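# Chains, contacts and geometry: an overview
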Amino acid sequence: MTMSWDAIRNRLSDVQGARYWQSLEELCDEPGFQELVAREFPAHAAFWESPLTRRRFLQLMGASLALAGLTACSLRTAEKLVPYVRDPEGVTPGKPQFFASAMVRDGHATGLLFESHLGRPTKIEGNPDHPMSLGATDAFMQAAVLDLWDPDRSQTVVTRGRVSTWEAFESELLRQRQQWQAAQGSGLRLLTEETTSPTLVRQVEALLRQYPRARWYRHDPVDRSALLAGAEEAFGQALVPHYRFDRADVVLTLDSDVLADEPASLRYAREFAARRRPEGPMNRLYAVEAAATLTGAMADHRRPMRSLDVGVWAGKLLARLQDGLPAADPWLEAVARDLLAHPGRSLVVVGYSQPALVHAIGHALNARLGNLGQTVTFTAPAPPPATAPFADLVAEMHRGEVQSLFILGANPVWTAAPELAFDAALRRVPFSAHLGLYQDETSALCTWHLPEAHFLEAWSDARAYDGTASILQPGIAPLYEGRSTHEVLAMALGSPTRSGLELVRETWRGAHPGTDFEAFWTGALEKGLVPGTSLPPVVPTPRGTPVAPPQAPAGLELVLRPDPTIWDGRFANNAWLQELPKPLSKLTWDNAALMSPVAAERLGLSNGDVVELRVGERSITAPVWIAPGQADDSVVLTLGYGRKVGRVAHGQGSNAYVLRSAGAPWIQPGLVLRKTDRTYPLATTQRHHRMAGEPLVQVSTLQAIAATGSMPTEAPPSLYPEVAYPGHKWAMAIDLNACTGCSACVVACQAENNIPVVGKEQVMREREMHWLRIDRYYEGPLDAPRTYFQPVPCMHCENAPCEVVCPTAATVHDDEGLNAMVYNRCVGTRYCSNNCPYKVRRFNFFQFSDWTTESLKGMRNPEVTVRSRGVMEKCTYCVQRIQAAKGDEAATGRPIRDGEVRTACQAACPTRAIVFGDLNDPASEVAALKAGPRHYALLGDLDTRPRTTYLSRVRNPNPALEEA
């Protein structure tokens, strides 16, 4: 659709008061969009007119859900598979157990609890005792169970394209070890991703002692090396910064999505949200960034800026703080004054994508503001950073100096910078072994591929971002005879029979000599962490004032980022994450070249136009997506797409790694963009399930609340008779001031309630099945709008419009106020969805769920019905969790305590934005929130009296900038 840019800007400029909008098409107000709004069911076409082919449907269902061929599953600590004949001690059939473990991403561990039904992990929750989890999870953690059960995982040892065995690999390894011993390991190289595992580090050190001429290299696509280099430039030593958002009154982020994509983001988001409560001292956030981020969406003031210019702006800010002379830039002057007014209570955060010099400027800013040791602390990295860069390994391979190469977990053929030509170098290595969850681009070029055990199948250990160590314990025996990194390294060390459990225990037995080791071990497993292992703080001394970088030449820049749903591509075969709408663009199943409205207007581009992106001699094509609020001369492309392997991942999106540079992995100047004559269909949910009526999202300012005292919350009179709920009266409150739009709740709901994926083609027909969506709204000018998020589950209306139109009484109210679905009565009229003003019901048009296959029980929650085709689905407030608590209540005679029933979305939320409880308990948190001044009902003027209600979003703007 051609954008009428002048008409859009005129429509926004003519607005009196606030106007909230979701898409550019909405502002265009063209006939095509009005037709989309008018029709209730966009899929009026016959079912079989869908472009979804039989081949693609089978690929999607097979890779996402089919589990045929899996063998029996054992309990978590078993070293062999044992038939389940007799109930083990402490296990009650039908009642899940929880075990503590951790998930490792980018080398750092985040504590979790996994739910196990008779030895089958089905759901992940956060570990409330873990300092980096605090009981929360992100979308990647929630989707991990689908990776565990993914039949696309590597299932056998492969050598040179032929199926082989572990025994054959051990025989070959024996011959290799004889050569290593003769040459003291010359020509032996080990390549891993970034790691903090004490056991892995111990094993590598043992390998290097045994073969002193061998070398260890590390490679991780999410390169954070500039962070350590910036600290070394600022303080003379490589240090890891830790931010204390709970102490910060004023926060400035510089090209950083610190609330979403850092190893400690769950903790940071919790601390940040705790300071966003208007009832207490509320913080203020400024964001300077090129790409629109979740952190920028939460900012009170956000300034779009090229990534190349962020360092120059930060240098000007530092000069302003040091010389005290007013800045010519009013925005910079206002930020400087606010920071200076909060010494020791402010915080400057620089994103890892910025070069080391900008990080050094960020440290200097915090030092000048008195924040060191207050809102920012430091620890030494553990383990120490790599002594030799990854590029040195590739150079050795090209020179023919590498005879044996172990690649453990990484996929460098796909993720390494193209100029390194890692694929060509790998072909020169006589013996190469790749350990991975999937047969991928790297395994195809190695002489051996080894199936890796999933983290829920293997024993291991790892450190969190603050150094706290966790023991990773398995929930199930390996489904496909996979082995862990520790077990493969043990083979290289000449101990092929040693198990991961034995190796990890040996590490911690050595770390705790003279203690009751069994008591220590049991306690560490039960708690999910090793107490007292956080790293000690380091108090650095600034070396001097860094010199600001020179102004970069004008022109387009390419900004690369990890994808918000599939990260660096390691989750590309996870259908839950592929279909999860990206928080800001709402795209699914693809990435796109994101650009600002100004840039799109200048280049004559619209959504879906295919462009060629060229940096130097390298180029790719990608479709365009126009992103309000993005810097005008920045084009953002996310990593992880363009895979050639995996039935789900294959053929989705554009491979941004082709444009990556080893020296500048995140920001590329000199981008040349050329429009082609092609278009590409993009699946986005941002225009789906539109609600009619106002207001939808309510926003105020801290100053306005202080002046008025409250916002209107009174419900209109009702024609319906009042209904008493003498037992429990369940309800939910969602704080929009705390919601960051991270979407962990959406995947948690999907995992908990056995919600299927539908595929890109069906998403384009508005047939996605998510029971919970997060609506994203813009307010303000097209080029720099403010952004708000609003999670929308079923409202569980007391006066439910869906119930009065259902001809079969399939949608009914229970005696506790829940709007329930009786699937056996539903005949698929869809009248209920037509009459629902919130558009929270999902009709399963096709048989997306294979509910007849017995082996699917391994992944699915047995407490939730797996629905057949032709019924309406929706949020149930996780009624299975309510019933479990009521069962305990009946058995013990003890009333359910507030907070004892936690819905899946509530449990996952990092910021505690979602609160669930019993309104009949006047002391409950949900009752208190609903009595507060920010409380309001969505479309409350319709008198539906929803049990799910909201707390309004509150901004804390700087008066100097708000007046300007």
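Structure's up top.
Note on numbering: residues in each chain are counted from 1, in written sequence order. Thresholds applied to this predicted model are a pLDDT of at least 70 for local features of residues and 80 or more for the giving and counting of side-chain atom pairs; totals over whole chains, interfaces and linings are not thresholded and use all residues. As a convention, hydrogens and water are excluded, and side-chain values are obtained from all of the structure's heavy atoms.

### Looking at helix H8 (residues 198-210)
Its 13 residues place the ends of H8 18 Å apart at the C-alpha level, agreeing with the 18 Å of an ideal helix rising 1.5 Å per residue. Within the span of H8, buried status applies to Pro198, Thr199, Leu200, Val201, Gln203, Val204 and Leu207. Residue contacts follow a heavy-atom distance rule, with two residues in contact if any of their heavy atoms lie within 4.5 Å. Working definition: helices are DSSP H or I runs of at least four residues, strands are E runs of at least two. Numbering for both runs from the N terminus. Looking at the packing, one finds that the buried side of H8 touches strand S7 (188-192), strand S8 (215-218), strand S18 (460-463), helix H18 (485-492) and helix H19 (500-511). To estimate the expected span of a helix, subtract one from its residue number and multiply by 1.5 Å. Exposed residues in this analysis have more than 50% of their type's maximum accessible area, buried residues have under 20%, and partly exposed residues fall in between, with area computed by a 1.4 Å probe over protein chains only.

### Thoughts on the environment of phenylalanine 114
Checked against the element boundaries, phenylalanine 114 lands in strand S3 (residues 108-117). C-alpha of phenylalanine 114 to C-alpha of asparagine 127: the two residues are 13 residues apart in sequence and 9.2 Å apart in space. Setting aside residues no more than four positions away along its own chain, phenylalanine 114 makes contact with Gln97, Phe98, Phe99, Ser101, Pro121, Lys123, Ile124, Leu456, Gln473, Pro474 and Gly475.

### A word on the pattern of salt bridges
In the sections that follow, a salt bridge refers to a side-chain nitrogen of Lys or Arg positioned within 4 Å of a carboxyl oxygen of Asp or Glu. In total, this model carries 52 salt bridges according to the counting rule given. Here arginine 224 ties to aspartate 106 by a salt bridge, and the two come within 3.0 Å at their closest N and O atoms. Linking arginine 224 in the loop between S8 and helix H9 (225-235) with aspartate 106 in the loop between strand S2 (97-105) and S3, this pair joins segments that are 118 residues apart in sequence. Using a relative accessible area of 15% as the deciding quantity, one classes arginine 224 as buried. One network of salt bridges, with partners in common, ties together Lys123, Glu125, Glu752 and Arg881.

### Looking at the sheet that holds strand S17 (residues 448-451)
Criterion used throughout: strands pair if DSSP finds at least two bridges between them. Spatially, the seven strands line up as an open sheet ordered S6-S5-S17-S16-S15-S7-S8, and their pairing is mixed. In this open sheet, the two edge strands, each paired with only one partner strand, are strand S6 (162-163) and S8. Bridge analysis of S7 against strand S15 (residues 404-408) gives five bridges, and the strand direction is parallel. The partner of leucine 191 across the bridge, within S15, is isoleucine 407. Throughout, an axis means a line fitted to C-alpha atoms (over the contacting stretch in the case of helices), and angles, computed between N-to-C directions, take values from 0 to 180 degrees. Across the sheet, helix H7 (residues 166-182) touches S7, S15, strand S16 (431-436) and S17, and the angle it forms with S17 is around 125°. Contacting S7, S8 and S15, helix H15 (residues 390-398) crosses the sheet at an angle of about 120° to S8.

### Let's talk about the sheet that holds S2
Read across the open sheet, the three strands follow the order S2-S3-S4; overall the sheet is antiparallel. Either end of the sheet is taken by a strand with one partner, and the two such strands are S2 and strand S4 (120-126). Averaged over all pairs of adjacent strands, the angle between strand axes in this sheet comes to 40°, irrespective of strand direction. Of the pairings in the sheet, the one linking S3 to S4 comprises six bridges and is antiparallel in character. Of the residues in S4, the one forming a bridge with leucine 113 is glutamate 125.

### Here's the deal with the environment of proline 721
By secondary structure assignment, the location of proline 721 is in the loop between helix H23 (702-708) and strand S30 (730-735). Each C-alpha atom of the pair proline 721 and asparagine 799 lies 9.3 Å from the other, and the pair is 78 residues apart in sequence.

### Some words on the packing of helix H12 (residues 307-323) against helix H14 (residues 356-368)
Interhelical geometry of H12 versus H14 gives an angle of 25° and a closest axis separation of 10 Å. Relative to H14, H12 is oriented roughly parallel. H14 is crossed by H12, and the crossing has left-handed handedness. Between H12 and H14, the contacting residues are Gly311, Ala314, Gly315, Leu317, Leu318, Leu321 and Gln322 on the first element and Val358, Ile361, Ala364, Leu365 and Arg368 on the second. Classification used: nonpolar for Ala, Val, Leu, Ile, Met, Phe, Trp, Tyr, Cys and Pro, charged for Asp, Glu, Lys and Arg, polar for all others including Gly. Taken together, the residues that form the contact of H12 with H14 break down as eight nonpolar, three polar and one charged. Should an angle fall under 35 degrees it is called roughly parallel, over 145 degrees roughly antiparallel, and 65 to 115 degrees roughly perpendicular, with every other angle called oblique. Left-handed describes a crossing whose near helix is turned anticlockwise from the far helix through less than a right angle; right-handed describes the clockwise counterpart.

### As for the packing of aromatic side chains
Side-chain rings of Phe, Tyr and Trp, where Trp is taken by its six-membered ring, are said to pair if the distance between their centres is within 6.5 Å; with planes under 30 degrees apart they count as stacked, over 60 as edge-to-face, and otherwise as tilted. Scanning the model with the defined rule gives 27 aromatic pairs in all. Centroid distance phenylalanine 140 to phenylalanine 571: 4.9 Å. Interplanar angle 20°. Geometry classified as stacked. Here the residue phenylalanine 140 occupies a position in helix H5 (residues 139-142), and phenylalanine 571 occupies one in the loop between strand S20 (557-561) and helix H21 (575-579), the gap between them amounting to 431 residues. Residue phenylalanine 140 is classed as buried on the basis of its relative accessible area, which comes to 6%.

### Overview of the pairing of strand S9 (residues 240-243)
Neither face of S9 is exposed, since Val240 and His242 on one face and Pro241 and Tyr243 on the opposite face are all buried. With four bridges joining them, S9 and strand S14 (residues 376-379) adopt antiparallel strand pairing. Counterpart to proline 241 in the pairing with S14 is phenylalanine 378.

### Some words on unusual backbone geometry
Proline 383 follows alanine 382 through a cis peptide bond whose omega is -5°. Residue placement: proline 383 occurs in the loop between S14 and H15. Positioned with a positive phi, leucine 134 is a non-glycine residue whose angle comes to about 55°. Examined against the element boundaries, leucine 134 turns out to sit in the loop between S4 and H5. For leucine 134, a relative accessible area of 23% gives the class partly exposed. A positive phi angle, close to 55°, is found at aspartate 255, a residue other than glycine.

### Details of H9
Buried within H9 are the following residues: Ala226, Leu227, Leu228, Gly230, Ala231, Ala234 and Phe235. Check the buried side of H9 and you find it contacts S9, H14 and S14. At the C-terminal side of H9, glycine 236 shows a positive phi close to 85°.

### Concerning the packing of H8 against H19
Two elements in contact, H8 and H19, have axes whose closest approach is 9 Å; the angle formed by their N-to-C orientations is 90°. As far as their axial angle goes, H19 and H8 are roughly perpendicular. Mapping the contact onto sequence places Pro198, Thr199, Arg202 and Gln203 in H8 and Leu503, Val504, Glu506, Thr507 and Trp508 in H19. Classifying every residue of the contact of H8 with H19 gives four nonpolar, three polar and two charged.

### So, the environment of arginine 860
Structurally, the position occupied by arginine 860 is in the loop between strand S35 (842-843) and strand S36 (872-873). The exposure class of arginine 860 is buried, given its relative accessible area of 7%.

Honestly, that's just the spatial picture; any functional story needs more than this.
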